[in-house]
Amino acid sequence: MKNVLKTKLTNVKCREIVFLLAVLLLVVIPKGGFKIAGIPITWGYLYLGFLSVLSLFIIGFKSEFKVPNKAFIAYVATLPFVAYFTLHLLINGYQGSLGNLISFYVSFVFLPLLFYIFLSSFLKKINTAYMANIISQAVFIVALYGIFLFVYKQVVGHFLEIPYLTVNAGDLGELDSSKFNQRGSVSKLISTYNNGNIFGVCTLMLFPVFYQNTKSKIKIITVVLALLLTLSRTVWIGLIFYFLFLYRNQVLKLVKVYLLVGLLLLFLGSIIMTRYFQYGSLGGFILDSNLGGRILQIRKSNEITLFGSTVYNAIEEIVYLSIFKQFGLIGLALFCLSFFTPVYLFLKTKNNNFIYFMGVITYLFVCLSDGCILLIPTLAFFYFICVMTFIRDNSSQQQDIA
């Protein structure tokens, strides 16, 4: 009996260590790594590759391998879009970098297989309270570092870069020139994500977990401030969407609570942006008719096609519009089948994990503006929270042996 209990405790501890390392490499230092032939190799994605090999090894030694039903359905829903993309590629061709093509198959083939099939049973066995605590701490750490880096950049004039950790060694010295981090003479808050939009979008996916599990108002204000300092309209709208959805039954109360803070931020933002931004004012920034360069993407998508006929290049900022433009109505329908199936499964079943579901719908919402969909580590976050929506709270349950 003692040996069984000892084995069980050892398994629990091993799972927690595996998860802790994943959070450290994917959430805290997601861009740490190097490049080979211009293709970014990050420690986080290498770790995911290791987990996939380890999973195959474990599956090979098991007499049976069970995949949770909802995770399996969600995985199957991803296959039609991948098959359609591959067929479209063979017929219409490809015009882009090798790295972008690899990124597509890693994002849409490898990651769904890893999270839905290989890791769903594993994640189900980890204490959910432990996971929420680790995620919340990681979100706060990267937000705090982001604010430090934001101030450091404005004062010193350049970003603090730690190659192989906070920045990919192949991108050293390029955070200003090639990562679209400038708003006039002010730089966006980028933290360890090397880009303000990526940091904001990824943090929004984990923000519901952080918000629901953090008692300290100072920590919450810190993370919200970091999201605001991304100077990204997409992130701002996503944050507003989250709070409006969360307090959808208390909208008037929410307005009263945050009205004063909103007016203060509006005043300060107007002063700062009038002084430093190329837009001239906060109103000019928010109501930018060019939509940060996205207006061209909208104007190029006025032709309705069933299958799409353009040569594939990349999925642009406005995800749904880009999919529609390149792959037609059929491609868009299959893409939505892939990404909205977890939402359907959540709504059709009871006692699912609402906190992670909030992250899922927030991301699907910001894809209307800028989903950073093929950029590391966005879809690793997305498939993780999708799996977690199907896992009930097991914080008080006895953990099973692996």
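Scoring rules and cut-offs
Residues numbered from 1 in each chain as written. Predicted model: local features only at pLDDT ≥ 70, side-chain atom pairs only at ≥ 80, totals over all residues. Heavy atoms only, no water. pLDDT = per-residue confidence, 0-100. Helix = DSSP H or I, 4+ residues; strand = E, 2+ residues; numbered from the N terminus. Contact = heavy atoms within 4.5 Å. Phe/Tyr/Trp six-rings, centres within 6.5 Å; stacked < 30°, edge-to-face > 60°. Buried < 20%, exposed > 50% of the residue type's maximum accessible area, 1.4 Å probe, protein only. Lys NZ or Arg CZ within 6 Å of the ring centre and 35° of its normal. Expected span 1.5 Å × (residues − 1). Arc of directions from axis to C-beta. Polar contact = N/O pair within 3.5 Å; in protein donor to acceptor, adjacent residues only side chain to side chain. Pairing = 2+ DSSP bridges. Axes fitted to C-alpha atoms, helices over the stretch in contact; angles between N-to-C directions. Parallel < 35°, antiparallel > 145°, perpendicular 65-115°, else oblique. Left-handed = near helix turned anticlockwise from the far one by under 90°. Nonpolar A, V, L, I, M, F, W, Y, C, P; charged D, E, K, R; others polar. Salt bridge = Lys/Arg side-chain N within 4 Å of Asp/Glu carboxyl O.

Here we look at the confidence of the model for the protein chain
Step number 1: For the protein chain, the average pLDDT comes to 85, and 82% of its residues sit at 70 or higher.
Step number 2: For the protein chain, per-element mean pLDDT is lowest for helix 13 (residues 295-299), which scores 49, and highest for helix 16 (residues 378-389), which scores 97.
Step number 3: A low-confidence stretch, residues 398-402 (pLDDT under 50), is modelled with 18 contacts involving residues beyond four sequence positions or located in other chains.

Re the packing of aromatic side chains
Step number 1: Applying the stated criterion across every chain yields a total of 46 aromatic pairs.
Step number 2: Seen from their ring centres, tyrosine 211 and tyrosine 242 are 6.0 Å apart, and the 85° between their planes marks the pair as edge-to-face. Taken as a pair, tyrosine 211 in helix 8 (residues 196-213) and tyrosine 242 in helix 10 (residues 233-246) lie far apart in primary sequence, 31 residues in all. A single burial state applies to tyrosine 211 and to tyrosine 242, both of which are buried.
Step number 3: Look at tyrosine 320 and phenylalanine 340: their rings are 6.3 Å apart centre to centre, the planes differ by 35°, and that puts the pair in the tilted class.
Step number 4: For tyrosine 320, a relative accessible area of 13% puts it in the buried group.
Step number 5: With relative accessibility at 34%, the residue phenylalanine 340 sits in the partly exposed group.
Step number 6: For lysine 153, the ring lying beneath its charged end belongs to phenylalanine 159, and the centroid distance is 5.4 Å.

A look at helix 2 (residues 43-60)
Step number 1: Here helix 2 is 18 residues long and its end C-alpha atoms lie 26 Å apart, about the 26 Å a rise of 1.5 Å per residue gives.
Step number 2: Of all the residues in helix 2, the buried ones are Gly44, Tyr45, Tyr47, Leu48, Leu51, Ser52 and Ser55. Looking straight down helix 2, one finds its buried side chains confined to an arc of 150°; they lie on one side. Turned more than 90 degrees from where helix 2 packs its buried face, Val53, Leu56, Phe57 and Gly60 sit exposed.

Points about the side chain of threonine 341
Step number 1: Along the chain, threonine 341 turns up in helix 14 (residues 319-348).
Step number 2: We classify threonine 341 as buried; its relative accessible area is 10%.
Step number 3: A polar contact of 2.4 Å, which involves the side chain of threonine 341, links it to the backbone oxygen of leucine 337.
Step number 4: Those residues in contact with threonine 341, other than ones at most four positions away along the chain, are Ile73, Ala74, Ala77 and Cys336.

Some remarks on unusual backbone geometry
Peptide bonds are, in most cases, trans, and in most cases residues other than glycine have a negative phi.
Step number 1: Going from isoleucine 376 to proline 377, the amide bond is cis rather than trans, its omega being 5°.
Step number 2: Its place among the elements puts proline 377 in the loop between helix 15 (354-366) and helix 16.
Step number 3: Its identity as a non-glycine residue notwithstanding, asparagine 194 has a phi of 65°, on the positive side.
Step number 4: By the secondary structure assignment, asparagine 194 is in the loop between strand 4 (186-187) and helix 8.

What to know about the pairing of strand 2 (residues 39-42)
Step number 1: By the bridge criterion, four bridges tie strand 1 (residues 33-36) to strand 2 in an arrangement that is antiparallel. Bridge pairing links isoleucine 36 to isoleucine 39 in strand 2.
Step number 2: If you look at the hairpin formed by strand 1 and strand 2, you'll find two residues sitting between the two strands, and alanine 37 has a positive phi there, around 55°.

Focus on the packing of helix 8 against helix 15
Step number 1: Closest axis-to-axis distance for the helix 8/helix 15 pair is 8 Å, and the angle between their directions is 155°. With respect to helix 15, the element helix 8 is oriented roughly antiparallel. Two packed elements cross with a definite hand, and for helix 8 against helix 15 that hand is right-handed. Touching Val201, Leu204, Met205, Pro208, Val209, Gln212 and Asn213 of helix 8 are Ile355, Tyr356, Met358, Gly359, Thr362, Tyr363 and Val366, all from helix 15.
Step number 2: Split by residue class, the contact of helix 8 with helix 15 holds 10 nonpolar, four polar and no charged.

Concerning the pattern of salt bridges
Step number 1: Enumeration over the complete set of coordinates arrives at two salt bridges.
Step number 2: Across the salt bridge formed by lysine 35 and aspartate 171, the nearest N and O atoms sit 2.7 Å from each other. Linking lysine 35 in strand 1 with aspartate 171 in the loop between helix 7 (128-156) and strand 3 (182-183), this pair joins segments that are 136 residues apart in sequence.
Step number 3: A residue is classified by how much of its surface remains accessible, and lysine 35, at 33% relative accessible area, is partly exposed.
Step number 4: In this structure, glutamate 316 engages lysine 325 in a salt bridge whose closest nitrogen and oxygen atoms are separated by 2.7 Å.

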